[in-house]
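# Residue-level structure breakdown
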Amino acid sequence: MTVDQRFRTGGFRIHAGAKIHVDPGPGALLLSHLHDLNPLDLDCVVVTHCHPDHYCDAEVLTEAMTKRMTQRRGVLVGSESVIRGREKWGPAVSPYHQSKVGEVVCLRPGETCEIGEVKLEGTPTKHSDPTTFGIKFHTSAGLVGYTGDTEYFEELPEYFKGSRVLIINVTRPQNRRIRWHLCSDDAIDILKRVEPELAVMIHMGMLFLRNPPDEEAARIERESGIRTVPGYPGTRLTIGKEISVARPLKQATLGDFKLNG
Ligand SMILES: [Zn+2]
């Protein structure tokens, strides 16, 4: 799907005082412009592990975050593989780019770091890059959880208890599990135990061309009892007392390009 780009691989942004771009895979920079998000106002870029569908645009986003490399500002948060390199993985961001940001944080599961008013807490995963982490975002609007890339394991839901929103990397539909990743049936099990107010499904793989994300999200919602939406590019959540979801009416094209900054 990284090569085919049917569901895009831009990751997502969180605005909670600080503006944070998480897992900027191929297209993240262009998709930011297309969806009227300014890459120049980022305070933090997070890369949870060293696979290109999560890190490809990280360097160009650090160039934006540092105001085109003219100011030493912003925080780069990454796994050990992303920041230092580990065995055959990484580093995913060059030492040159790392030297230009305000701060570099190598995050491990169980560790925390603060970006303005937001606290990031690393959560454990089971993924082929052994240094991969998931994230709990502690914000003034409550807890937002992100599984990152992981396969299902018994304790996984425990880490996300208390999340108002859970963002889940669902790579396969139905029960068509592959190693290191989650499928829809795993998402149902997780949601029954975490019980967030809303689940967002991202990181859909090729088999979702046969089982469209909208249909799978509806099935996950029916079977888990948790409101579930596919995280198509341009989808915006507003987390207030209630959580509202605005979906793009159409997929953005180059005709929608606006120059930011
Ligand atoms: Zn991965």
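One can find the structure itself at the top, above this paragraph.
Since the model is a prediction, treat every value here as computed from it, not as a measurement.

Three or more residues of helix 6 (residues 184-194) are buried, namely S184, D186, A187, I188, I190, L191 and V194. Those residues of helix 6 hidden inside the fold are in contact with strand 10 (163-172), strand 11 (182-183), strand 12 (198-202), helix 7 (213-224) and strand 13 (228-230). Just beyond helix 6, the residue with positive phi is E195, at close to 55°.

Taken in spatial order, the five strands line up as 1-2-3-4-5 in an open sheet, and their pairing is mixed. On the outer flanks of this sheet lie strand 1 (12-16) and strand 5 (103-106), each paired with one strand and no other. For this sheet the average axis-to-axis angle between neighbouring strands, irrespective of direction, equals 15°. Bridge analysis of strand 2 (residues 18-22) against strand 3 (residues 44-47) gives three bridges, and the strand direction is parallel. Bridging across to strand 3, I20 finds its partner in C44. Across the sheet, helix 3 (residues 58-65) lies against strand 2, strand 3 and strand 4 (75-78), angled at about 165° from strand 3, the strand it touches most.

Another point: the pattern of salt bridges. Scanning the model with the defined rule gives 17 salt bridges in all. Between R86 and E80 there is a salt bridge, and its shortest N-O distance comes to 3.4 Å. Among the residues examined, R86 registers a relative accessible area of 27% and is labelled partly exposed. With a relative accessible area of 21%, E80 lands in the partly exposed category. E223 serves as the salt-bridge partner of R219, at 3.5 Å between the closest nitrogen and oxygen. Taken together, the residues R219 and E223, both in helix 7 and four residues apart, mark about one turn of the helix. The exposure class assigned to R219 is buried, which follows from its relative accessible area of 15%. Judged by relative accessible area, which is 41%, E223 ranks as partly exposed.

Across all of its chains, the model carries three aromatic pairs by this definition. Relative to F137, the ring of F12 lies with its centre 6.4 Å away and its plane at 75°, an arrangement referred to as edge-to-face. On the criterion of sequence distance, the pair formed by F12 in strand 1 and F137 in strand 8 (residues 134-139) is long-range, its members being 125 residues apart. The same class applies to F12 as to F137, namely buried. Aromatic side chains F12 and Y146 sit 4.9 Å apart centroid to centroid with 80° between the ring planes, which places their arrangement in the edge-to-face category.

So, on to the coordination of the zinc ion. Protein-derived coordination of the zinc ion comes from H49 (NE2), H51 (ND1), H127 (NE2) and D149 (OD), at a distance range of 2.2 to 2.4 Å. One way to put it: the four donor atoms around the zinc ion meet at angles of 91 to 173°, and that makes the site irregular. One chain supplies every donor to the zinc ion, and in sequence these donors are spaced H-x1-H-x75-H-x21-D. With a gap of 76 residues between them, H51 in the loop between strand 3 and helix 2 (52-55) and H127 in the loop between strand 7 (118-123) and strand 8 connect regions that are remote in the sequence. Take H51: its relative accessible area is 17%, and that puts it in the buried class.

A few words now on the pairing of strand 7. Pairing of strand 6 (residues 112-115) with strand 7 involves four bridges; the strand directions are antiparallel. Considered in strand 7, the bridge of I115 is made with V118. Taking the residues that link successive antiparallel strands as the turn, the strand 6-strand 7 hairpin has two residues, and the phi of G116 there is positive, at about 55°.

The subject of this paragraph is the environment of I168. Mapping I168 onto the fold places it in strand 10. With relative accessibility at 2%, the residue I168 sits in the buried group. Put simply, I168 and T131 are 37 residues apart on the chain and 18 Å apart in space, counted from C-alpha to C-alpha.

Now for helix 3. Every α-helix winds through 3.6 residues per turn, so residues three or four apart in the chain are directed the same way. Inspection of helix 3 places A58, L61, T62, A64 and M65 among the buried residues, and these make up the whole buried set. The buried side chains of helix 3 occupy one side of the element, clustering within an arc of 155° when seen end-on. Of the surrounding secondary structure, the elements contacted by the buried residues of helix 3 are strand 2, helix 1 (28-34), strand 3, helix 2, strand 4 and helix 5 (95-98). Remark: K67 follows helix 3 within two positions and exhibits a positive phi of approximately 50°.

Conventions adopted
- Residues numbered from 1 in each chain as written.
- Predicted model: local features only at pLDDT ≥ 70, side-chain atom pairs only at ≥ 80, totals over all residues.
- Heavy atoms only, no water.
- Buried < 20%, exposed > 50% of the residue type's maximum accessible area, 1.4 Å probe, protein only.
- Helix = DSSP H or I, 4+ residues; strand = E, 2+ residues; numbered from the N terminus.
- Contact = heavy atoms within 4.5 Å.
- Pairing = 2+ DSSP bridges.
- Axes fitted to C-alpha atoms, helices over the stretch in contact; angles between N-to-C directions.
- Salt bridge = Lys/Arg side-chain N within 4 Å of Asp/Glu carboxyl O.
- Phe/Tyr/Trp six-rings, centres within 6.5 Å; stacked < 30°, edge-to-face > 60°.
- Donors = N, O, S within 2.8 Å, 3.2 Å for Na, K, Ca; no water.
- Tetrahedral: all angles 85-135°; square planar, octahedral: opposite > 155°, others 65-115°.
- Arc of directions from axis to C-beta.

Geometric values such as these leave the question of function open.
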